[in-house]
Amino acid sequence: MNNQELENEIVKIKERNKKVELDKAWETSWTRKICICILTYIVVLIYSNLINKINNIWLSSLVPVIGFTLSTFSLRLIRNIWEKNKR
């Protein structure tokens, strides 16, 4: 391996490390945690309002699953905004 190839590999490793560090920062950020809480709470409110006449443990058990799933879909937009502010 010549010097240019080594330098290219080092650059690639540094770029990967930056991405890994940003991923780690996002996973542990308060922004992410608070957004998951808020979105889950909103889903619980809406869902509970829709099924308040139905007393079924199977339907009630879906609340956290639906809340978490919807929050993970919507967090992409929030993460993009968060990443722009981190750079």
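Provided above is the structure to which this section pertains.
Read on for a plain summary of the structure. The structure displayed is predicted, hence computed values, not measured ones.

Conventions we followed
Residues numbered from 1 in each chain as written. Predicted model: local features only at pLDDT ≥ 70, side-chain atom pairs only at ≥ 80, totals over all residues. Heavy atoms only, no water. Phe/Tyr/Trp six-rings, centres within 6.5 Å; stacked < 30°, edge-to-face > 60°. Lys NZ or Arg CZ within 6 Å of the ring centre and 35° of its normal. Helix = DSSP H or I, 4+ residues; strand = E, 2+ residues; numbered from the N terminus. Expected span 1.5 Å × (residues − 1). Bend = angle between axes of the 7 residues up to and from the residue. Contact = heavy atoms within 4.5 Å. Buried < 20%, exposed > 50% of the residue type's maximum accessible area, 1.4 Å probe, protein only.

1. Section: the packing of aromatic side chains
Evaluation of the coordinates by the stated rule reveals one aromatic pair. A cation over a ring is seen here: lysine 33 above tryptophan 30, with NZ or CZ 5.1 Å from the ring centre.

2. Here we look at helix H4 (residues 62-86)
With 25 residues, H4 should reach 36 Å at 1.5 Å per residue; the first-to-last C-alpha distance of 35 Å fits that figure. The largest bend along H4 reaches roughly 40° and is located at leucine 75. Summarising the contacts, the buried residues of H4 are in contact with helix H1 (3-27), helix H2 (30-51) and helix H3 (57-60).

3. So, the environment of leucine 59
In this fold, leucine 59 is placed in helix H3. Residue classification places leucine 59 among the partly exposed residues on the basis of a relative accessible area of 28%. Along the sequence, leucine 59 and arginine 79 sit 20 residues apart, while their C-alpha atoms lie 30 Å from each other. Apart from residues lying up to four places away in sequence, leucine 59 is in contact with Tyr47, Ile51 and Ile54.

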